[in-house]
Amino acid sequence: MVDERPVRAVDGEQGELFPDSSLPDELVGYRGPAACQIAGITYRQLDYWARTKLVAPSVRSAHGSGSQRLYSFKDILSLKIVKRLLDTGVSLQNIRVAIEHLRKRGARDLANVTLVSDGTTVYECTSPEEIVDLLQGGQGVFGIAVKVHMQEITGTLHEFPAERADGGPVEPEVPDELSQRRNGRRTG
């Protein structure tokens, strides 16, 4: 029986971005270089964000020289969102607040969230009416549709080797619709 209750973060620890079990196996992870390539960040950013606990690897953290961090799907999605927010000028301090807010949401809810920012503040929108209200203030804003990034990462993960933290075999993923379309175009 899997315990599906949200995990509470202890002081100084990163909480989970998605506190439910609706996404890929939490023991399956991707090494730092793969996480960087998928999220579009540098290894230096990855290392800094892990050390400062902005986005720490949840499958396996590094324990001394030579050990490999393993990043889950959820971690890679967080990395990609942080990167997009940084690219648009949002401060790391405000990004930390936004990521902490997202950690409190379940994965099912998160797929319907669009993050909107004016470059200073990050807003969460779950309906078109909210975005319209934000735009009436006259500020230029941008949106990050989290679901789009979830689908993009899901379609890309099969191209990278995965490993389980417990050393067990990695179950092959059932290809998603996007991956099937891409493969169809390559072969057809």
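Residues numbered from 1 in each chain as written. Predicted model: local features only at pLDDT ≥ 70, side-chain atom pairs only at ≥ 80, totals over all residues. Heavy atoms only, no water.

Caption draft 1: Layout of the pairing of strand 3 (residues 114-117). Sheet analysis places strand 3 next to strand 4 (residues 122-125), joined by 4 bridges and oriented antiparallel. Each bridged residue has a counterpart across the sheet, and for T114 the counterpart in strand 4 is C125. Hairpin connection, strand 3 to strand 4: the antiparallel pair is bridged by 4 residues, and G119 has positive phi, about 95°. (Pairing = 2+ DSSP bridges. Helix = DSSP H or I, 4+ residues; strand = E, 2+ residues; numbered from the N terminus.)

Caption draft 2: Looking closely at the nonpolar core. Counting 34 residues, the largest nonpolar core has I76, L79 and I81 as the members making the most contacts within it. Mapped by element, the contributors of at least two residues to this core are strand 1 (28-31), helix 1 (32-39), helix 2 (43-51), helix 3 (73-87), helix 4 (92-103) and helix 7 (146-157). If you tally residues by element for this core, the top one is helix 3, at 7 residues. (Core = buried A, V, L, I, M, F, W, Y, C linked by side-chain atoms within 4.5 Å. Buried < 20%, exposed > 50% of the residue type's maximum accessible area, 1.4 Å probe, protein only.)

Caption draft 3: Quick look at the environment of D47. Relative to the elements of secondary structure, D47 occurs in helix 2. Sequence-wise, D47 and G32 are 15 residues apart; in three dimensions their C-alpha atoms are separated by 8.5 Å.

Caption draft 4: Spotlight on the pattern of salt bridges. Applying the stated criterion across every chain yields a total of 7 salt bridges. Put simply, E163 and R31 hold a salt bridge, and the shortest N to O gap is 2.7 Å. Placement of E163 in strand 6 (residues 163-164) and of R31 in strand 1 is noted, with a sequence separation of 132 residues between them. Residue E163 is classed as partly exposed on the basis of its relative accessible area, which comes to 22%. Look at R31 and you get partly exposed, because its relative accessible area is 37%. Linking D47 and R69 is a salt bridge whose minimum nitrogen-to-oxygen distance equals 2.7 Å. Residue D47 is located in helix 2, and its partner R69 is located in the loop between helix 2 and strand 2 (70-71); the two are separated by 22 residues in the primary sequence. For D47, a relative accessible area of 23% corresponds to the partly exposed category. Each of R31, R60 and E163 takes part in a single network of salt bridges with overlapping partners. (Salt bridge = Lys/Arg side-chain N within 4 Å of Asp/Glu carboxyl O.)

Caption draft 5: Structural view of the sheet that holds strand 6. If you trace the 3 strands from one edge of the open sheet to the other, you get 2-1-6, paired in antiparallel fashion. Edge positions in the sheet fall to strand 2 and strand 6, since each has one partner strand and no second. When strand 1 meets strand 2, the two strands line up antiparallel, connected through 2 bridges. In the strand pairing of strand 2, Y30 is matched with Y71.

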